[in-house]
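Structural features, examined
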Amino acid sequence: LFWGFALLLLLHAFDDSITLTLFPDYVSTLNPFLFLRNLLGALVVAGLLIATGRRIWIAAQKRVTGRIDRLPLLLLAAIMISGFLLEAAQIVSEPLFDQMVEDYHGSDDAEEVAALKAVWAHDYHVVFDPPAAVTTELLASGTDLNEESCVACHSRPSAAFGSLSLALLAKPFAPRLNELRADVILWHLHYLTCFLGLALLPFTKFLHLVTTPLTLALKGADAKTSTTSDTGDTDDDPASLNRKTRRALTLDGCTHCGACSRCCSVAPSADVLANPLILPSEKILRLREWTHGPLQGDGRAPFSEGSFICTECGRCTRICPSGLDLQDLWRAGKTDLADQGLAELH
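Just so we're clear, the structure is a prediction, and the values are computed from it rather than from any experiment.

Examining the packing of helix α6 (residues 94-105) against helix α7 (residues 110-122)
Look at α6 against α7: their axes get within 12 Å of each other, and the N-to-C directions meet at 130 degrees. Taken together, the axes of α6 and α7 are oblique relative to one another. As for the relative orientation of α6 and α7, their crossing is right-handed in sense. In this structure, α6 contributes E94, F97, M100, V101 and H105 to the contact, and α7 contributes E112, V113, L116, K117 and W120. Looking at the contact of α6 with α7 residue by residue, the classes come out as 6 nonpolar, 1 polar and 3 charged.

Structural notes on the side chain of S82
Within the secondary structure layout, S82 lies in helix α5 (residues 67-91). A distance of 2.7 Å separates a polar atom in the side chain of S82 from the backbone oxygen of A78. Ignoring anything within four residues of it in the chain, the contact list for S82 reads L189, H190 and T193.

Digging into a nonpolar patch on the surface
Nonpolar side chains collect at one region of the surface, where F2, W3, L7, L9, L10, L11, F14, L22, F23, L209, V210 and L214 lie side by side and expose about 1100 Å² of accessible area between them. Listed by contribution, the elements that provide at least two residues to the nonpolar patch are α1 (2-13) and α12 (208-225). With 6 residues, α1 is the largest single contributor of residues to the nonpolar patch. In this structure, L7 sits in helix α1.

Conventions and cut-offs
- Residues numbered from 1 in each chain as written.
- Predicted model: local features only at pLDDT ≥ 70, side-chain atom pairs only at ≥ 80, totals over all residues.
- Heavy atoms only, no water.
- Axes fitted to C-alpha atoms, helices over the stretch in contact; angles between N-to-C directions.
- Helix = DSSP H or I, 4+ residues; strand = E, 2+ residues; numbered from the N terminus.
- Parallel < 35°, antiparallel > 145°, perpendicular 65-115°, else oblique.
- Left-handed = near helix turned anticlockwise from the far one by under 90°.
- Contact = heavy atoms within 4.5 Å.
- Nonpolar A, V, L, I, M, F, W, Y, C, P; charged D, E, K, R; others polar.
- Polar contact = N/O pair within 3.5 Å; in protein donor to acceptor, adjacent residues only side chain to side chain.
- Patch = residues over 30% accessible without salt bridge, like charges linked within 9 Å, V, L, I, M, F, W, Y side chains within 5 Å.
- Areas by Shrake-Rupley, 256 points an atom, 1.4 Å probe, with all protein chains shown as cover.
- Salt bridge = Lys/Arg side-chain N within 4 Å of Asp/Glu carboxyl O.

So, in structure tokens, the structure goes:
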């Protein structure tokens, strides 16, 4: 998921800024870029299938799966599916071929256009309505014209293994899709899902892509600054401020992967007491809510129970893939709960 999406973001979404700078002759419809785009997209799809499978079939993972986990997976899936479908629609698109001929061929000679149509129908899988005539003579003539006008910017789509497979499946419906301009519809859909993902970035667990590196950096700085507890710090102590910053980042750095809950010493109590807030991965979600306002009503007692039953064994902190200092978060939470008059469990 990470490597596939990160490289797609850098080399595809930011191609004008990054890829074109690295490769001055870059064109998105040339190889190896066609192949790399499909390969990276396939990596993300494989990651989505693995992540979804884990959360459906692994009992411990299913127990901690909620909307916070489903929404990012659905959004990523929408981005990837719309991207593959867009490229497939572009492969079979007759309107895009007509636009290319108008912009780059420089001639509207009917025989030359017919020859190009034969090559693009045979080699590039464009679907024409009515179907283009494909003969040996037209292919020979069209190949020369194609080499003069097109191959500098268009490789055969055979390397785009994912998109081409979808394009071949869509061939029987291509005339209707071209009539509806499916390529334009999918282009807008793909961009919409991408911008929706960008807009939701601060409100989903994908924010850990920003917060986790900062958390790790602050963790290293804090180790060098001070190892004293909060009770010995003053409000203007740099070490205390550093820990407060780390706590804020920790709340947004959690990926809700469930690793902490699977190894938690008191996890069995969550089932016995029917209180999911005993599990670290669920408790941190409630802590995040707490930062936006005080706990009210029936939510106070389960959260207090889940906080004070923690033995501070440190397993969750040691196993956290994001390097979050959960023990410090639990200690601070217990202190605040005690200040609010919620009693510690016996």
